[in-house]
Amino acid sequence: MSAIEQEADELCEAGHKAGQSILSAIDDAYEGRSILPARKFRRVFDCMIESLTDEMSGIDAPLFTASAYEAIPQVLLSQVERAEINSNAHLARAAYMAERASEAEAELADYRYDQMRDERLMGAA
């Protein structure tokens, strides 16, 4: 497993744990969600996730959010909603992996450029 895959896994796990914690908080605040209509439940969940991800990087936030939504139990979602959540999670992970790989390639290119420049300077001295 690459370092990028491990980072993605850790971020997914953190998002899933956050989703579970949000569900628990909603249960406590609204007596087990029994008095909370499904649409209102989603709005509360959305707001809590948004507040958690406000300060996250643009790369991390979508994967964290998608993983948090995966924590919502099947019984609270329609098949369409579950399919959408699963699709979003897959797309967010793919985008995260691509972005992180791109960053790693750019860092490696910068490092190699710096090495070549330093070698030229050392040779000229």
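For the structure, see preceding data.
All of the points below concern the structure found in this document. Bear in mind the structure is a predicted one, so any value in this text is a computation, not a measurement.

Moving on, we get to the packing of helix α1 (residues 3-29) against helix α3 (residues 60-70). One way to put it is that α1 packs onto α3 with a least axis distance of 7 Å and a crossing angle of 50°. One finds that α1 runs oblique with respect to α3. Note that α1 runs across α3; the crossing there is right-handed. Seen from α1, the contacting residues are A8, L11, C12, A14, G15, H16, A18 and G19; seen from α3, they are D60, L63, F64, S67, A68 and E70. Partitioning the contact of α1 with α3 into residue classes produces eight nonpolar, four polar and two charged.

Before going further, it helps to examine the environment of Y111. Along the chain, Y111 turns up in helix α4 (residues 79-124). By relative accessible area, Y111 is classed as partly exposed at 49%. Along the primary structure Y111 and E55 are separated by 56 residues, whereas in three dimensions their C-alpha atoms are 29 Å apart.

Conventions we followed
Residues numbered from 1 in each chain as written. Predicted model: local features only at pLDDT ≥ 70, side-chain atom pairs only at ≥ 80, totals over all residues. Heavy atoms only, no water. Axes fitted to C-alpha atoms, helices over the stretch in contact; angles between N-to-C directions. Helix = DSSP H or I, 4+ residues; strand = E, 2+ residues; numbered from the N terminus. Parallel < 35°, antiparallel > 145°, perpendicular 65-115°, else oblique. Left-handed = near helix turned anticlockwise from the far one by under 90°. Contact = heavy atoms within 4.5 Å. Nonpolar A, V, L, I, M, F, W, Y, C, P; charged D, E, K, R; others polar. Buried < 20%, exposed > 50% of the residue type's maximum accessible area, 1.4 Å probe, protein only.

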